[in-house]
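Topology and contacts: notes
Below, each chain spelled out in residue letters.
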Amino acid sequence: PPLEGLAPASYALCLALLDVDTPLWLAPAFDTPIIRANLTFHCGCPIVGTREQARFALLDDSELSDLHGFELGNDRYPDQSCTLLIQLDQLDGGPHLTWRGPGIQSENQVALPLAAGFWGERDARNDFPRGLDAFFLAGSSVIGLPRSTRVSVAQTNTVAEEFA
């Protein structure tokens, strides 16, 4: 059943990924008594007060201009980084992006409605193998963005600017 404040995809991903070993940080938009109680009961995940403690973070688009504090893992254990669960109103309508990297046969075209500042924040925190993985969620849809994916934005002069 739906949970007030969470898109079906966000709720389903939380139920699938969170457990007693995955501390969760909630952006203010999701830090409600209903969401806290539901996720701690159904997932058993501890809700943490700081970004530094989180293995997962549930964010909305108002939190994407500053990604400081989230754990990036380390060269030996990159899997200890924080995974961002980013709920949006929709997963299209933004600038056209090209994604390339492991698991993508040639390239994927994506048009997420994100402020350009997000890509700079992601780039500043991705030093492969360390970095932030992200899932973008809207309604019942999900798009995953591993830290290994290279994102480029098409420019009007056909030159692409690449974000690591």
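Conventions adopted
- Residues numbered from 1 in each chain as written.
- Predicted model: local features only at pLDDT ≥ 70, side-chain atom pairs only at ≥ 80, totals over all residues.
- Heavy atoms only, no water.
- Helix = DSSP H or I, 4+ residues; strand = E, 2+ residues; numbered from the N terminus.
- Rg over C-alpha atoms; globule rule 2.2 N^0.38 Å.
- Areas by Shrake-Rupley, 256 points an atom, 1.4 Å probe, with all protein chains shown as cover.
- Lys, Arg positive; Asp, Glu negative; His and termini not counted.
- Charge placed at Lys NZ, Arg CZ, Asp CG, Glu CD.
- Polar contact = N/O pair within 3.5 Å; in protein donor to acceptor, adjacent residues only side chain to side chain.
- Contact = heavy atoms within 4.5 Å.
- Core = buried A, V, L, I, M, F, W, Y, C linked by side-chain atoms within 4.5 Å.
- Buried < 20%, exposed > 50% of the residue type's maximum accessible area, 1.4 Å probe, protein only.
- Phe/Tyr/Trp six-rings, centres within 6.5 Å; stacked < 30°, edge-to-face > 60°.
- Lys NZ or Arg CZ within 6 Å of the ring centre and 35° of its normal.
- Arc of directions from axis to C-beta.
- pLDDT = per-residue confidence, 0-100.
- Pairing = 2+ DSSP bridges.

Comments concerning the overall build of the chain
Regarding its fold elements, the chain presents three helices and ten strands. Against the 2.2 N^0.38 benchmark of 15 Å for 164 residues, the chain shows a C-alpha radius of gyration of 16 Å, consistent with a compact globule. Referenced to the eigenvectors of the C-alpha coordinate spread, the extents of the chain come out at roughly 50 × 35 × 30 Å. Within the structure as shown, the chain displays about 8,400 Å² of accessible surface, and the carbon and sulfur contribution to it stands at 51%. Counting 10 positive and 21 negative side-chain charges, the chain places the averaged centre of each group 7 Å from the other.

Observations concerning the environment of R130
For R130, the position within the fold is in the loop between α3 (117-125) and β7 (133-138). Through-space distance from the C-alpha of R130 to that of S148 is 9.0 Å; in sequence the pair is 18 residues apart. Here the side chain of R130 touches G73 through a polar contact of 3.5 Å, landing on its backbone oxygen.

Quick look at the environment of I47
With respect to the helices and strands, the residue I47 is situated in strand β2 (residues 47-48). Along the sequence, I47 and T22 sit 25 residues apart, while their C-alpha atoms lie 9.0 Å from each other. Non-local contacts of I47, meaning those with residues more than four positions away in its chain, are made with L24, L26, R36 and T40.

Remarks on the nonpolar core
By size, the foremost hydrophobic cluster in this structure holds 49 residues, and its most contacted members are L59, L84, W99 and F136. With residues near it in sequence (within four places) discarded, L59 still touches W25, A27, F30, L64, L67, F70, L84, L85, I86 and Q87.

Description of the packing of aromatic side chains
As enumerated under the stated definition, the model contains three aromatic pairs in all. When the ring of W25 is compared with that of F70, the centres are 5.8 Å apart and the planes differ by 70°; the resulting orientation is edge-to-face. In this pair, W25 sits in strand β1 (residues 24-26) while F70 sits in the loop between β3 (56-60) and β4 (83-87), placing the two residues 45 residues apart along the sequence. The class for F70 is buried, based on a relative accessible area of 5%. Note on F118 and W119: the rings are 4.8 Å apart at their centroids and 80° apart in plane angle, and the pair reads as edge-to-face. Assessed through its relative accessible area of 4%, W119 is described here as buried. An aromatic cluster of three or more residues is present, and its members are F118, W119 and F136. Here R51 stacks its cationic end above the ring of W25, 4.9 Å away from the centre of that ring.

As for α3
Note that an α-helix has 3.6 residues per turn; residues three or four places apart therefore point the same way. Of all the positions in α3, only F118, W119, E121, R122 and R125 are classed as buried. Each buried residue of α3 sits inside an arc of 160° when the element is viewed along its axis, so together they form one side.

With respect to the confidence of the model for the chain
Looking at the chain as a whole, its pLDDT mean stands at 92, while 93% of the residues score no less than 70. In the predicted structure, residues 155-160 sits below a pLDDT of 50 and forms six contacts with residues beyond four places in sequence or in another chain.

Some words on the pairing of β3
The buried fraction of β3 is high, at five of five residues. Where burial is concerned, the two faces of β3 agree: the one with F56, L58 and D60 and the one with A57 and L59 are both buried. Here β1 runs beside β3; their pairing, made up of three bridges, is parallel. Within β3, the residue paired with W25 across the bridge is A57. As judged from the five bridges shared by β3 and β4, these two strands associate in the parallel manner. Bridged to D60 within β4 is Q87.

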